[in-house]
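# A structural walkthrough
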Amino acid sequence: MIYVSRREHFNAAHKLYNPNWTREKNEEVFGPCANDNWHGHNFEMIVTVKGKPDPETGFVVDLKKLSTLIRERVIEKVDHKNLNLDVDFMQGKMASCEILIEEIWKILAPALKDITDRGVLHAIRLYETPNNFVDFFGEGVEPHDYLAYQESNMAQATH
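Here's a quick rundown of the structure. Note that residues are indexed from 1 along each chain, following the sequence as it is written. This being a predicted model, a pLDDT of at least 70 is required before a residue's local features are given, and a value of 80 or more before pairs of side-chain atoms are given or counted; all residues contribute to the totals for chains, interfaces and linings. With hydrogens and water excluded, all non-hydrogen atoms of the structure serve as input to the side-chain values.

### Thoughts on unusual backbone geometry
The backbone of W38 sits at a positive phi, close to 70°, despite the residue not being glycine. By the criteria applied, helices consist of DSSP H or I runs no shorter than four residues and strands consist of E runs no shorter than two, each listed in order from the N terminus. Along the polypeptide, W38 turns up in the loop between α1 (23-30) and β2 (39-51). Only protein chains enter the accessibility calculation, which uses a 1.4 Å probe; a residue is then buried when its area is under 20% of its type maximum, exposed when over 50%, and partly exposed in between. The class for W38 is partly exposed, based on a relative accessible area of 24%. Of note, H80 is a non-glycine position whose phi angle comes to about 60°, a positive value. Take H80: it is sitting in the loop between α2 (63-78) and β3 (81-82).

Put into structure tokens, the structure is as follows:
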């Protein structure tokens, strides 16, 4: 099995805040991350695809196509945005890296079939800071076709 990775970058703001808690409890648990005026990060995301190389190209996945897929499906939606307010797939969810990476997985896992028949999503690593990062391997999360979800929501909005 070959593992191929692509790194992408985005900047985003967020706030960690549980609306069911008091302000004091939020500040106790989340500290400055519960700031009313938000805070931001320079995120780095590494997406790893695993599979057997195509005998004709030698590729598990074309990295240019992978980069385009990541940018179109994820980066354009989160870059220079407020994760709590501006990102449709994060609405109503805690904007922690752990939740964010699960939602990104749900988007990318099914979308890979559009660019490769040799590889599947193996892992996503999301750096919030140079010292803090999360890894996700898809356990317990069912991918959904984000485009179908988005089209369904758009259709409902027009009625």
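### Quick notes on the packing of aromatic side chains
Given two aromatic rings, one states the distance between the centres and the angle between the planes to describe the pair. We call Phe, Tyr and Trp rings a pair once their centres come within 6.5 Å, taking the six-membered ring for Trp, and we label the pair stacked below 30 degrees between planes, edge-to-face above 60, and tilted otherwise. Within the structure shown, the criterion is met by four aromatic pairs. Ring centres 4.8 Å apart and planes at 15° place the aromatic pair F10 and F43 in the stacked group. Note that F10 is positioned in strand β1 (residues 2-14) and F43 in strand β2, a separation of 33 residues in sequence. F43 shares its class with F10; the two are buried. Consider the rings of W105 and F136, whose centres lie 5.5 Å apart with planes at 85°: the pair is edge-to-face. Note that W105 is positioned in helix α3 (residues 97-111) and F136 in strand β5 (residues 133-136), a separation of 31 residues in sequence. Owing to a relative accessible area of 6%, W105 belongs among the buried residues under this scheme. Overall, F136 belongs to the buried group, its relative accessible area being 9%.

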